[in-house]
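Geometric and topological summary
Spelled out from the first residue to the last, the chains are:
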Amino acid sequence: MRTARKFTALAAGLAVASLALAACSSGDSGDDATSGTGEEVEVFTWWASGSEKLGLDALVGVFDVQNPDVTFVNGAVAGGAGSAAKDLLQSRLQANDPPDTFQAHAGAELTDYINAGQVEDVSALYDEFGLRDAFPADLVERLTVDGKIYSIPSNIHRANVVWANTQLLTDSGLDPAAKYETLDDWFVALDTVKEKTGRTPLSLATTWTQVNLLETILLSDLGADGYNGLWDGSTDWSSSEVTDALADFEKLIGYTNEDRDGLDWPDATQQVIDGNAAFNVMGDWAVAAFEEAGKKSPADYVYMPVPGTDGVFDFLADSFTLAVGAPHPAGAKAWLKTIGSLDGQVAFNKAKGSIPARNDAKPEDFSAYQQSAMASFGQDTIVSSLAHGAAAPTAWANAISDATSKFTTGGGDLAGFQADLVAAAEANAS
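In this report, the structure presented in the accompanying data block is examined. Note that the structure is a prediction, hence the values are computed from the model and not measured. Note on numbering: residues in each chain are counted from 1, in written sequence order. This being a predicted model, a pLDDT of at least 70 is required before a residue's local features are given, and a value of 80 or more before pairs of side-chain atoms are given or counted; all residues contribute to the totals for chains, interfaces and linings. In computing side-chain properties, one takes all heavy atoms of the structure into account and sets aside hydrogens as well as water.

1. Details of the overall build of the protein chain
- The numbering of helices and of strands both runs from the N terminus, where a helix is a DSSP run of H or I of at least 4 residues and a strand a run of E of at least 2. Looking only at helices and strands, the protein chain features 18 helices and 13 strands.
- Contacts: residue pairs with any heavy atoms within 4.5 Å of one another. Long-range pairs, those at least 24 residues apart, make up 81% of the contacts in the protein chain with a sequence separation of at least 6.
- Using a 1.4 Å probe, accessible areas were evaluated by the Shrake-Rupley method; residue-level cover was limited to the displayed protein chains. For the protein chain, the exposed surface amounts to about 15,400 Å²; the carbon and sulfur share of it is 48%.

Here you go:
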């Protein structure tokens, strides 16, 4: 049971992001199958490969048992962190051709769909499915936007995790069990890997993974309150503290593989699995990749919070909506019931590496990593992920992504990078 959670004040982004948390905790026990409707449901996601597809397949297995007369139509679209799927989805929504239900990162990203009138209020489903009882009351409160709730999350992920290859650390003369309290401590270890083995100290992939790294460095250097302030306006993007954080980010980029822009997250994680890189910063969906490769912790790999972020849980969640104009609303309702159910969340999260947020999920049903994530989620300060839609609206997040790509590909210096980030914040505020 997870009860007390400490949330820092975040502006609108965290308020809605926390809605994801609550929704994640949602659903009834899932023991009663939804009555047959002769319906179908098109479920639009970006879970097209790897552990994401394994999780979706597990979820569909539960859905089929609970809803034997509802046909599942897989609308999955491949693309890093959902970028391709989101583009296609927006085209369909604008053409009044919505899927029945679609995946969206809970948080500020979801507010774009709310403001555009593209998702239905599903508050009544929370009552019908008993979700308000399954979720902690404070999370339900944070789920609520102007008295309404718009999605039911399937999971909770943590973005601020470092994964490392045990043998490569040992070969470098490093203690695999060591935890690095500060970025400066970690820099020493990264230098050691490079000097002792010649292997890549820190693997990295395409732009969205670089933004994921950036947010964790901002969190490390600014702390939870300072990081939250970036999104509510209380932290100045032009401050010297942000400059220092960006300098640390620049230093970390220098430890990474030169082919990063042509890779996606599984490729960067695979470098650690194979022992070609020592460390990788990636959300905890990466644990499923290690497990799928037959690796065990701590014998083959270790994990820890990004240095300087211990005690902070960098939160994101995948959630599902009821689209306005859904062709098969009964089918969508059946899918949402499975998403919130205990059986659905357990099956999905065991496969995907994330954790359910229901109070009745049993830690012993999950892996050692997931049990540690459950404990952290229950006691850590919660902040919202930038790279995964929880902290900032889409247009702002895209501007930060563009600025990051420009910087890491040599299109500008540190001062120009910070100026671009300041401009992005100002554009969002205007």
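Now that the structure has been shown, we can carry on.
2. Let's talk about the environment of Ala 399
- Along the chain, the position of Ala 399 falls in helix 17 (residues 394-408).
- For the pair Ala 399 and Ala 424, spaced 25 residues apart in sequence, the C-alpha to C-alpha distance is 5.8 Å.

3. Some points on the sheet that holds strand 12 (residues 318-320)
- Two strands pair if DSSP finds at least two bridges between them. On the basis of which strands lie adjacent, the open sheet formed by five strands has the order 3-2-4-12-5 and mixed pairing. Here the strands that pair on one side only, and so sit at the sheet edges, are strand 3 (71-74) and strand 5 (152-153).
- Summarising the sheet, strand 2 (residues 40-44) and strand 4 (residues 101-105) pair through two bridges and their orientation is parallel. Within strand 4, the position partnered with Phe 44 by the bridge is Phe 102.
- Along the sheet, helix 2 (residues 50-66) makes contact with strand 2 and strand 3, crossing strand 3 at roughly 160°. Every axis in this analysis is a line fitted to C-alpha atoms, fitted for helices over the stretch in contact. Angles between the N-to-C directions lie between 0 and 180 degrees.

4. Some details on the environment of Ser 49
- Structurally, Ser 49 is set in the loop between strand 2 and helix 2.
- In this structure Ser 49 comes out as partly exposed when scored by relative accessible area, which is 46%.
- Remark: the alpha-carbon pair of Ser 49 and Pro 266, spanning 217 residues in sequence, is separated by 9.9 Å. Exposed residues in this analysis have more than 50% of their type's maximum accessible area, buried residues have under 20%, and partly exposed residues fall in between, with area computed by a 1.4 Å probe over protein chains only.

5. Brief notes about unusual backbone geometry
- Ser 297 connects to Pro 298 through a cis peptide bond whose omega is 5°.
- Here Pro 298 is to be found in the loop between helix 13 (286-292) and strand 10 (301-305).
- In this structure, Asn 96 takes a positive phi of about 60° despite not being glycine.
- Inspection of the secondary structure assignment puts Asn 96 in the loop between helix 3 (83-94) and strand 4.
- Positive phi values are uncommon outside glycine, yet Asp 146 reaches one of about 50°.
- The topology assignment puts Asp 146 in the loop between helix 7 (137-143) and strand 5.
- Judged by its relative accessible area of 77%, Asp 146 is exposed.

6. Details of a negative patch on the surface
- Candidates for patches are residues over 30% relative accessible area with no salt bridge; among them, like charges are joined within 9 Å and nonpolar side chains (Val, Leu, Ile, Met, Phe, Trp, Tyr) within 5 Å. We define a salt bridge as a side-chain nitrogen of Lys or Arg found within 4 Å of a carboxyl oxygen belonging to Asp or Glu. Asp and Glu count as negative and Lys and Arg as positive, but His and the ends of the chain are not part of the count. Taken as the charge centre is NZ of Lys, CZ of Arg, CG of Asp or CD of Glu, depending on the residue. Together, Glu 181, Asp 184, Asp 185, Asp 221, Asp 236, Glu 241, Asp 244, Asp 310 and Glu 426 line one region of the surface with negative charge.
- Going through the elements one at a time, helix 9 (183-197) and helix 11 (240-253) are the ones with two or more residues in the negative patch.

7. Some thoughts on the layout of surface pockets
- Taken as a whole, the largest pocket encloses approximately 590 Å³ of empty space.
- Elements that contribute at least two residues to the lining of the largest pocket include exactly helix 3, helix 4 (108-115), helix 10 (207-232) and helix 17.
- Any residue outside Ala, Val, Leu, Ile, Met, Phe, Trp, Tyr, Cys, Pro, Asp, Glu, Lys and Arg is labelled polar, Gly included; the first ten of those are nonpolar and the last four are charged. The residue inventory of the lining of the largest pocket, partitioned by class, reads 10 nonpolar, 12 polar and four charged. Definitions used for this entry: grid spacing 1 Å over protein atoms alone; cavity, a set of points where a 1.4 Å probe fits but cannot get out; pocket, an open set with protein on both sides within 12 Å along at least 5 of 7 lines; lining residue, one with an atom within 4 Å of a point. Grid points are joined across faces, edges and corners, and a volume is the space filled by probe spheres set on the points.

8. What about the sheet that holds strand 10?
- A sheet is described by the order of its strands in space; here four strands give the open sequence 8-9-7-10, paired in mixed fashion. This sheet does not close on itself; its edge strands, each paired only once, are strand 8 (200-203) and strand 10. If you compare each strand with its neighbour and ignore which way they point, the axes differ by 20° on average.
- The pairing of strand 7 (residues 161-165) with strand 10 spans five bridges and is antiparallel. If you follow Asn 165 over to strand 10, its bridge partner there is Tyr 301.
- The sheet strands contacting helix 12 (residues 265-273) are strand 7, strand 8 and strand 9 (277-281), and the helix crosses strand 9 at an angle near 140°.

9. A word on the side chain of His 105
- Among the structural elements, His 105 can be located in strand 4.
- Among the polar contacts listed, one links the side chain of His 105 to the backbone oxygen of His 388, at a separation of 3.2 Å. Here a polar contact is recorded for every N or O atom pair within 3.5 Å, except that within protein the pair must consist of a potential hydrogen donor and a potential acceptor, and residues adjacent in sequence are included only if both atoms are side-chain atoms.

10. A word on the pairing of strand 7
- Along strand 7, five of the five residues are buried, which leaves the element largely enclosed by surrounding structure.
- Alternating positions in strand 7 separate into two faces, Val 161, Trp 163 and Asn 165 on one and Val 162 and Ala 164 on the other, with burial throughout.
- Taken together, the three bridges between strand 7 and strand 9 define a ladder with antiparallel strand orientation. Its bridge partner being in strand 9, Ala 164 is matched across the sheet by Phe 279.

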